[in-house]
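Structure at a glance
Here are the chains, one letter per residue:
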Amino acid sequence: MTTSRTSLPVSATAVALGALLLAGTAAAKLPPPSDEAKAKAAETAAKTAWTDKVAAYQLCKAQDKVAAGYLSHAKAAGRPASAPVETPPCADPGPFAYVPSAEAKPPLEASGAHSPARTATQPPSSNRPDAVVNPAPAGKPASKP
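Residues numbered from 1 in each chain as written. Predicted model: local features only at pLDDT ≥ 70, side-chain atom pairs only at ≥ 80, totals over all residues. Heavy atoms only, no water.

1. What to know about the overall build of the protein
In plain terms, the rule: Secondary structure elements are taken from DSSP: a helix is a run of H or I of four residues or more, a strand is a run of E of two residues or more, and numbering for both begins at the N terminus.
Scanning the protein from terminus to terminus reveals three helices and zero strands. Scanning the protein from its N terminus toward the C terminus, one meets helices and strands in the order α-α-α.

Okay, here's the thing in structure tokens:
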């Protein structure tokens, strides 16, 4: 049995190479979102949360209706029905109302651990002797090494 080796045509290789080049440009870092985009995203998140609350409220009402229907049919048929389990009442979320938060800035850290470095006022080293830079306090003689 003879195995034949086939190679890709030149056009398929060119397409693969082109796809790799385009993939590199697609992976480029996107700029940070603008303030308007951030506000729109926050409003969309609030709307989604409200929609979830509305769906939970509608589900709760439907479950209450099914439970009430089951109990009434069981009593009408003369079958014993267990007492319903006490559940919290359904909470109506009300109409959607979005109030954007004030421009909240992150709190300043007390330790300054993540604060930016201060601007240097002098170079880190100098030619001045240590006795000039750090003079001994008055009344104490300078220690000799």
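What follows continues from the structure just given.
2. Some words on the layout of surface pockets
So the rule is basically this: Using protein atoms alone on a 1 Å grid, points that fit a 1.4 Å probe yet trap it form a cavity, whereas open point sets bounded by protein on both sides within 12 Å along at least five of seven lines form a pocket; residues with an atom within 4 Å of a point count as lining. Grid points are joined across faces, edges and corners, and a volume is the space filled by probe spheres set on the points. Each residue is assigned to one of three groups, with Ala, Val, Leu, Ile, Met, Phe, Trp, Tyr, Cys and Pro labelled nonpolar, Asp, Glu, Lys and Arg labelled charged, and all others, Gly among them, labelled polar.
Taken as a whole, the second largest pocket holds about 190 Å³ of empty space. Lining the second largest pocket are Cys-60, Gln-63, Asp-64, Ala-67, Ala-68, Leu-71, Pro-84, Val-85, Thr-87 and Pro-88. Here the residues of the lining of the second largest pocket are counted per class, giving seven nonpolar, two polar and one charged.

3. Topic: the confidence of the model for the protein
We apply this condition: A residue's pLDDT is the confidence the predictor assigns to it, expressed on a 0 to 100 scale.
Overall, the prediction assigns the protein a mean pLDDT of 79, with 73% of residues at 70 or greater. Here helix α1 (residues 10-26) is the element of the protein with the lowest mean pLDDT, 71, and helix α2 (residues 35-76) is the one with the highest, 93.

4. Topic: the packing of aromatic side chains
Worth spelling out the cut-off: Pairing of aromatic rings covers Phe, Tyr and Trp, the last through its six-membered ring, and needs centres within 6.5 Å; plane angles under 30 degrees mean stacked, over 60 mean edge-to-face, and all others mean tilted. A ring has a charge above it when a Lys NZ or an Arg CZ is no more than 6 Å from the ring centre and no more than 35 degrees off the ring normal.
Applying the stated rule across the entire model yields one aromatic pair. Against the face of Phe-96 rests Lys-47, its NZ or CZ located 4.9 Å from the ring centre.

5. Topic: a nonpolar patch on the surface
The criterion, for reference: Patches in this entry comprise residues that are over 30% relatively accessible and not in a salt bridge; like charges within 9 Å are linked, as are nonpolar side chains (Val, Leu, Ile, Met, Phe, Trp, Tyr) within 5 Å. Working definition of accessibility: Shrake-Rupley area with a 1.4 Å probe, residue cover restricted to the visible protein chains. Salt bridge, as used here, is a side-chain nitrogen of Lys or Arg placed within 4 Å of a carboxyl oxygen of Asp or Glu.
On the surface, a cluster of nonpolar side chains totalling about 350 Å² of accessible area is made up of Leu-17, Leu-20 and Leu-21. By the element assignment, Leu-17 lies in helix α1.

6. A word on the environment of Ala-55
Our working rule: Buried residues are those whose accessible area, probed at 1.4 Å on protein chains only, stays under 20% of the maximum for their type, while exposed residues exceed 50% and partly exposed ones sit between those limits.
Note on placement: Ala-55 falls in helix α2. For Ala-55, a relative accessible area of 42% corresponds to the partly exposed category. For the pair Ala-55 and Pro-93, spaced 38 residues apart in the sequence, the C-alpha separation amounts to 9.7 Å.

7. Points about the environment of Cys-90
Structurally, the position occupied by Cys-90 is in the loop between α2 and α3 (130-133). Along the backbone, Cys-90 and Leu-59 are 31 residues apart, and their C-alpha atoms lie at a distance of 9.1 Å.

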